[in-house]
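Architecture at a glance
Given next are the chains, with one letter for each unit.
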Amino acid sequence: MIEQIFVVGLLGLAFGLGLTYAGKKLAAREDDRVERISKLLPGQNCGACGFGGCRDFASALVSAIDEGETPPLDACKVVAEEARGEIAGILGIEVGERKPLVAQVACSGKSKRIAEYRGARECAAADLVGDFLACEYGCIGFGDCARACSFGAIEMKDGLPVIDRDKCTGCGACVEACPRGVIELIPRDSKVWLRCRSPEPGKVVVVACEAGCIACGLCAKACPVAAIKIENNLPRIDQDLCTGCGKCVEACPRDVLSLLSSSEAS
Amino acid sequence: MLSGFKFRGGIHPDYFKLTAGSRVRRADLPKEVILPLRQHVGAVCESLIEEGERVKVGQKIADSESPVSSPIHATISGTVAEISVRSTPTGERVRSIRIESDGRDRWLKGKGIDPEKSSREEILAKIRENGIVGLGGAAFPTHVKLNPPEGKRVDTVIINGAECEPYITADHRLMVEESRRIVRGAKIIAKVLGAERVIFAVEDNKPDAVERLRKATSGDFEVLALKTKYPQGDERHLIKAVLNREVPPGGLPFDVGVVVQNVGTAKAICDAVCDGIPLVERVVTVTGDVRKPGNLLVRIGTLFSNLIEQCGGPVGAVRKVISGGPMMGIAQSEDVPVIKGTNCILVFSERRVVEEEEMPCIRCGRCVDVCPMGLMPFMIRALVEKGKFDACSEYDIMSCDECGCCAYVCPAKIPLVQIIKRGKMALASAKEVGR
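Below, the structure is looked at part by part. Just so you know, these numbers come straight off a predicted model, no measurement behind them. (Residues numbered from 1 in each chain as written. Chains lettered and ligands numbered in written order. Predicted model: local features only at pLDDT ≥ 70, side-chain atom pairs only at ≥ 80, totals over all residues. Heavy atoms only, no water.)

1. Here we look at the overall build of chain B
- Regarding its fold elements, chain B presents 13 helices and 17 strands.
- In terms of principal-axis extent, the alpha carbons of chain B reach across some 60 × 50 × 50 Å.
- With 435 residues in all, chain B has 57% of them scored as buried.
- Across chain B, contacts joining residues at least 24 apart in sequence account for 72% of those joining residues at least 6 apart.
- Of the roughly 18700 Å² of accessible surface on chain B, 50% is carried by carbon and sulfur atoms.
- Once the 63 positive and 57 negative side-chain charges of chain B are each reduced to a mean point, those two points are 3 Å apart. (Helix = DSSP H or I, 4+ residues; strand = E, 2+ residues; numbered from the N terminus. Buried < 20%, exposed > 50% of the residue type's maximum accessible area, 1.4 Å probe, protein only. Contact = heavy atoms within 4.5 Å. Areas by Shrake-Rupley, 256 points an atom, 1.4 Å probe, with all protein chains shown as cover. Lys, Arg positive; Asp, Glu negative; His and termini not counted. Charge placed at Lys NZ, Arg CZ, Asp CG, Glu CD.)

2. Description of the layout of surface pockets
Residue and element names in this part refer to chain B.
- Reported here for the second largest pocket is a volume of approximately 460 Å³.
- Those elements that place two or more of their residues in the lining of the second largest pocket are strand E1 (24–26), helix H3 (170–177), helix H7 (263–275) and strand E13 (281–288).
- Here the residues of the lining of the second largest pocket are counted per class, giving 12 nonpolar, two polar and 11 charged. (1 Å grid on protein atoms, 1.4 Å probe; cavity = no way out; pocket = protein on both sides within 12 Å on 5 of 7 lines; lining within 4 Å. Points joined across faces, edges and corners; volume = space filled by probe spheres on them. Nonpolar A, V, L, I, M, F, W, Y, C, P; charged D, E, K, R; others polar.)

3. Let's talk about the side chain of lysine 145 of chain B
Residues and elements named next belong to chain B.
- If you trace the backbone, lysine 145 turns up in helix H2 (residues 142–145).
- Among the polar contacts made by the side chain of lysine 145, one reaches the main-chain carbonyl oxygen of valine 260 at a distance of 2.8 Å.
- Beyond its immediate sequence surroundings of up to four residues, lysine 145 is in contact with Phe140, Glu235, Phe254, Val259, Val260 and Gln261. (Polar contact = N/O pair within 3.5 Å; in protein donor to acceptor, adjacent residues only side chain to side chain.)

4. Observations concerning the pairing of strand E11 (residues 222–226) of chain B
All names here are of chain B.
- When you tally the buried positions in E11, you get four out of five residues, the bulk of the element.
- As judged from the five bridges shared by strand E10 (residues 197–203) and E11, these two strands associate in the parallel manner. What sits directly across from valine 202, in E11, is alanine 225.
- Viewed along the sheet, the connection from E10 through helix H5 (residues 207–217) into E11 turns out right-handed. (Pairing = 2+ DSSP bridges. Right-handed = clockwise from strand over helix to strand, strands pointing away.)

5. Description of the pattern of salt bridges
- Considering all chains together, one arrives at 47 salt bridges over all chains under this definition.
- Note that glutamate 281 of chain B and arginine 26 of chain B form a salt bridge whose closest N and O atoms lie 3.0 Å from each other. Linking glutamate 281 of chain B in strand E13 with arginine 26 of chain B in strand E1, this pair joins segments that are 255 residues apart in sequence.
- Residue classification places glutamate 281 of chain B among the partly exposed positions, given a relative accessible area of 21%.
- The exposure class of arginine 26 of chain B is exposed, given its relative accessible area of 51%.
- With a shortest N-O distance of 2.9 Å, glutamate 129 of chain B and lysine 60 of chain B are connected by a salt bridge. Separated by 69 residues along the polypeptide, glutamate 129 of chain B in helix H1 (residues 120–129) and lysine 60 of chain B in strand E5 (residues 60–63) bring together distant segments of the chain.
- Judged by its relative accessible area of 26%, lysine 60 of chain B falls in the partly exposed class.
- Three or more residues joined by partner-sharing salt bridges are found here, namely Glu116 and Arg118 of chain A together with Arg319, Glu350 and Glu355 of chain B. (Salt bridge = Lys/Arg side-chain N within 4 Å of Asp/Glu carboxyl O.)

6. Notes on the interface of chain A and chain B
- On the chain B side, the residues contacting the 17 residues of chain A number 17 residues.
- Both faces combined, the contact of chain A with chain B buries some 1200 Å², and carbon together with sulfur accounts for 48% of it.
- Linking chain A with chain B are four salt bridges, by the criterion used here.
- Glutamate 355 of chain B is the partner of arginine 118 of chain A in a salt bridge, and the nearest nitrogen-oxygen pair spans 3.7 Å.
- For the pair chain A and chain B, the interface holds six residue pairs in polar contact (both at pLDDT 80 or more).
- When residues of the side of chain A that touches chain B are assigned to their parent elements, the largest contribution, three residues, is made by helix H5 (residues 123–126) of chain A.
- Of the residues belonging to the side of chain A that touches chain B, the class tally is 10 nonpolar, one polar and six charged. (Buried area = accessible area lost by both parts, 1.4 Å probe.)

7. Concerning the packing of aromatic side chains
Residues and elements named next belong to chain A.
- For the structure shown, the criterion picks out six aromatic pairs over all chains.
- When the centroid spacing of 5.5 Å and the interplanar angle of 45° are considered together, the rings of phenylalanine 51 and phenylalanine 57 count as tilted.
- What makes phenylalanine 51 partly exposed here is its relative accessible area of 29%.
- The class for phenylalanine 57 is buried, based on a relative accessible area of 1%.
- With a centroid separation of 5.7 Å and 40° between ring planes, the pair formed by tyrosine 117 and phenylalanine 142 is classed as tilted. Of the two residues, tyrosine 117 is situated in the loop between strand E1 (101–105) and H5 and phenylalanine 142 in the loop between H5 and helix H6 (144–148); the sequence distance between them amounts to 25 residues. Each member of the pair, tyrosine 117 together with phenylalanine 142, is buried.
- One aromatic cluster in this structure is built from Tyr117, Phe132 and Phe142.
- Lying across the ring of tryptophan 193, arginine 195 places its NZ or CZ 5.0 Å from the centre. (Phe/Tyr/Trp six-rings, centres within 6.5 Å; stacked < 30°, edge-to-face > 60°. Lys NZ or Arg CZ within 6 Å of the ring centre and 35° of its normal.)

8. Quick word on the packing of helix H2 (residues 32–40) of chain A against helix H3 (residues 54–66) of chain A
Residue and element names in this part refer to chain A.
- One way to put it is that H2 packs onto H3 with a least axis distance of 8 Å and a crossing angle of 135°. Taken together, the axis directions place H2 and H3 in an arrangement best described as oblique. Helix-helix and strand crossings are classified by hand; for H2 and H3 the assignment is right-handed. Only Arg55, Ala58, Ser59, Leu61, Val62, Ile65 and Asp66 of H3 make contact with H2, whose side of the interface consists of Arg33, Val34, Glu35, Ile37 and Ser38.
- Tallied by class, the residues present in the contact of H2 with H3 amount to six nonpolar, two polar and four charged. (Axes fitted to C-alpha atoms, helices over the stretch in contact; angles between N-to-C directions. Parallel < 35°, antiparallel > 145°, perpendicular 65-115°, else oblique. Left-handed = near helix turned anticlockwise from the far one by under 90°.)

9. So, the sheet that holds E5 of chain B
Residue and element names in this part refer to chain B.
- Spatial strand order, E3-E5-E6: three strands in an open sheet with antiparallel pairing. Of all the strands in the sheet, the pair left with one neighbour each is strand E3 (46–47) and strand E6 (72–73).
- Direction of pairing for E3 relative to E5: antiparallel, over a ladder of two bridges. By the bridge assignment, glutamate 46 is partnered in E5 with aspartate 63.

10. A closer look at the nonpolar core
- If you look at the biggest cluster of nonpolar residues, it comprises 71 residues, and the most contacted ones within it are Ile61, Ile99, Leu146, Ile159, Ile182 and Phe200 of chain B.
- Filtering out sequence-adjacent residues up to four positions away, isoleucine 99 of chain B remains in contact with Lys31, Glu32, Val33, Leu35, Val55, Ile61, Ala74, Ile76, Gly78, Thr79, Val80 and Ala81 of chain B.
- Counting 40 residues, the second-largest nonpolar core is a separate cluster that includes Ile87, Leu91, Ile154 and Cys168 of chain A. (Core = buried A, V, L, I, M, F, W, Y, C linked by side-chain atoms within 4.5 Å.)

Put into structure tokens, the structure is as follows:
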């Protein structure tokens, strides 16, 4: 009895020592930069950067530095300004300032319906037979964007996504998810919001939609600082010039422009 | 005579061949036609004419230099009123030429050639020049299909008269009424391809067509009466059912030494080669809830609304207008013109459209049983909905022919085909961007 305990105990001790030694000797050395960077990243694993998750992104940044390439730091649009600076510090690179972005819906959901749609309640699938909406640029409204948002910033209301600007991080996952490109990323400090993206001429838009932009140009005329130009049958607003005075919003006969205040949850 | 072979899966829907006994009648000459510049698989054609120009029937009005494309001809004589982007029955928006009729139906007559004495190249040129495409529905340019790539030998031509979709009878009537021209077309096809064997494949629910074809071939070619099953008209399944040869996934019938041509295409080839008549009209079945369903010989470009009117108008409130059959056809949301591939206009009123609610998948496996390609539709659907497109290709999503058997049998009424289609599109575009 004693012998057995002795033999098994000795064997255990030998294996234990062997494993401890092997564990130390053969340990995969994790770069501590990866650890530190992933702690600074948001940790939502939203995947909008194109990598598997935050940790995957962190190791991609580090290996890019090690291989002498430019790390794709700006692929992550979610990371806070401060953390971004710290990550740059860890990587030993200089980063300039960036403009925070926010997602914005460029449709007011008032396209006429020319046929009834029955089928999968998924925008990407419905878009294959998308001509049930008179406007081929209009929001389909089944909420692929809301499902794609990792931050719970999108809610569907009356068949149109409503974006909570406080929760939106500007990651762009909804932009990717939308089969029609209805959602755009705009600078967070934009003052005027355009709720249409149809490049069709006015006579087509009038037939297709109750609220679409008809490119009449009244907004451009009303703008005191000449920040609006009509391009591709849509107003293009120069956000640097725009003062947010609201003259264009008043002038628009179709209500496709509205003012944004930074605190406003659109 | 039966081949004794069969293809996997498939279904037996109710056939509703309402118009099987009605002779093809010539539709009234339309006042205007709309001719999309792409009515086929391949490149969009460039317009050869200007707005305001006068054209005659059979005049070539659009063509393309791309190897896979087919020219478009004016189908009525008159004036080109407008060239603009319009919807087509396939759900695309394509530049289209609108011609207003002068009511005189003046033709620009081409010349035929004697296929016996002409070379392969001369015949192919004739087929291309006259805008012949596959008339079974897919509208693949015929001169491309009859020109197998280097090194592929074709030993057998199958003339497809299966017409397995419910409601459609356009090919059926053509086989009964134009069997001689179909057989002549088949001879031309066999000559071009250098194939020894020509087989006419018809489903056994069309005994009169089988009989006519047997008479017309007078024993030169085999005429098979295949056991009726949907989707036998799909060329892959037809080859399996007729010859017991299996086209490899991602491959083409060339790979097993076969070319399949629809009966309507065979007739159009005969018209084009022997008489120099371009593809300006075709037989369209107008059926479902219309007062006088029938088979109409229609000028391509005639609007659906015009043809439905000519068949007595709809019975009851229209809920759905489908281009093609009920299994693979496309529901329309606008008034669109007949294009080269349109074989049927199906009108459904209230009583035929059943609203069904989608329920969760219970994994009963019926979709797997009926899939003629041997796929697992329920699994592919789950993967598409999760966005796992890479895994979809492991489940061979690209082999799906969108025949609709899975959605037809699904007890949970899941729109499987639509979801699979979306997965195919997503996968194709992911490949394009090289991800």
